[in-house]
Amino acid sequence: MNISINDMIIFKGTPDFEKGFAAAYKDHMEGRETLSEGKPIIVRYIKEEKQYLVLDGYHRLVKGLLEGNTNFDCCYDWFAKENFWVPPKEHRFYLKDYV
């Protein structure tokens, strides 16, 4: 399925740049790109927000954004645990804040 960046919940990342969007961006800028080129981004639908939480694929997301893409090939994670962490709004990356 093809999903717009505006319909995704994207974790900004941890202060130590170990996880999330910031870590993937840092890796990209330092020449460490995705190891999963061409694979879809894995998402989970959050009914309460009517958006897709990005579970895996931050490096592909960063690379795509830097190439000017705003829609991404995604696949739904059918096997994730029922209870999982959803980042609060203040810990999310919103493209419109940077454009």
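Our structure's up above, just so we're on the same page.
Residues numbered from 1 in each chain as written. Predicted model: local features only at pLDDT ≥ 70, side-chain atom pairs only at ≥ 80, totals over all residues. Heavy atoms only, no water.

> Help me understand the pairing of strand β4 (residues 51-56), please; the structure alone is not making it clear to me.
Every regular strand shows the same layout, with side chains that alternate between the two sheet faces. Judged from the two bridges that link them, strand β2 (residues 8-9) and β4 form a sheet pairing that is parallel. Note that in β4 the partner of Met8 across the bridge is Tyr52. (Pairing = 2+ DSSP bridges. Helix = DSSP H or I, 4+ residues; strand = E, 2+ residues; numbered from the N terminus.)

> In this structure, what is going on with unusual backbone geometry? I would like to understand it.
Even without being glycine, Phe17 reaches a positive phi, approximately 60°. Looking at where Phe17 falls in the secondary structure, it is placed in the loop between β2 and α1 (20-29). Phi at Lys50 is positive, roughly 55°, even though this residue is not glycine. Summarising the element assignment, Lys50 is placed in the loop between β3 (41-46) and β4.

> Teacher, can you tell me more about the state of the cysteines here?
The bond known as a disulfide is covalent and runs between the sulfur atoms of two cysteines. With the rule as written, the count across this model stands at zero disulfides. A disulfide-free cysteine, Cys74 has its sulfur positioned 7.6 Å from the sulfur of Cys75, the nearest such atom. Look at Cys75 and you get partly exposed, because its relative accessible area is 29%. (Disulfide = S-S within 2.5 Å. Buried < 20%, exposed > 50% of the residue type's maximum accessible area, 1.4 Å probe, protein only.)

> Help me understand the pairing of β3 in this model?
By the bridge criterion, three bridges tie β3 to strand β5 (residues 71-76) in an arrangement that is parallel. Residue Ile42 lies in a different strand from β5, and its bridge partner there is Cys75. Pairing of β3 with β4, which is carried by five bridges, proceeds in the antiparallel orientation. By the bridge assignment, Ile42 is partnered in β4 with Asp56. Here β3 folds back onto β4 in antiparallel fashion, the turn holding four residues, of which Lys50 has a positive phi close to 55°.

> How do you make sense of the pattern of salt bridges when you look at a structure like this?
Evaluation of the coordinates by the stated rule reveals eight salt bridges. In this structure, Asp56 engages Arg60 in a salt bridge whose closest nitrogen and oxygen atoms are separated by 3.0 Å. A relative accessible area of 38% means that Asp56 is categorised as partly exposed. Here Glu67 and Lys63 are joined by a salt bridge, their closest N and O atoms 3.0 Å apart. Members of the salt-bridge network, linked through shared partners, are Lys26, Asp27, Glu30 and Arg32. (Salt bridge = Lys/Arg side-chain N within 4 Å of Asp/Glu carboxyl O.)

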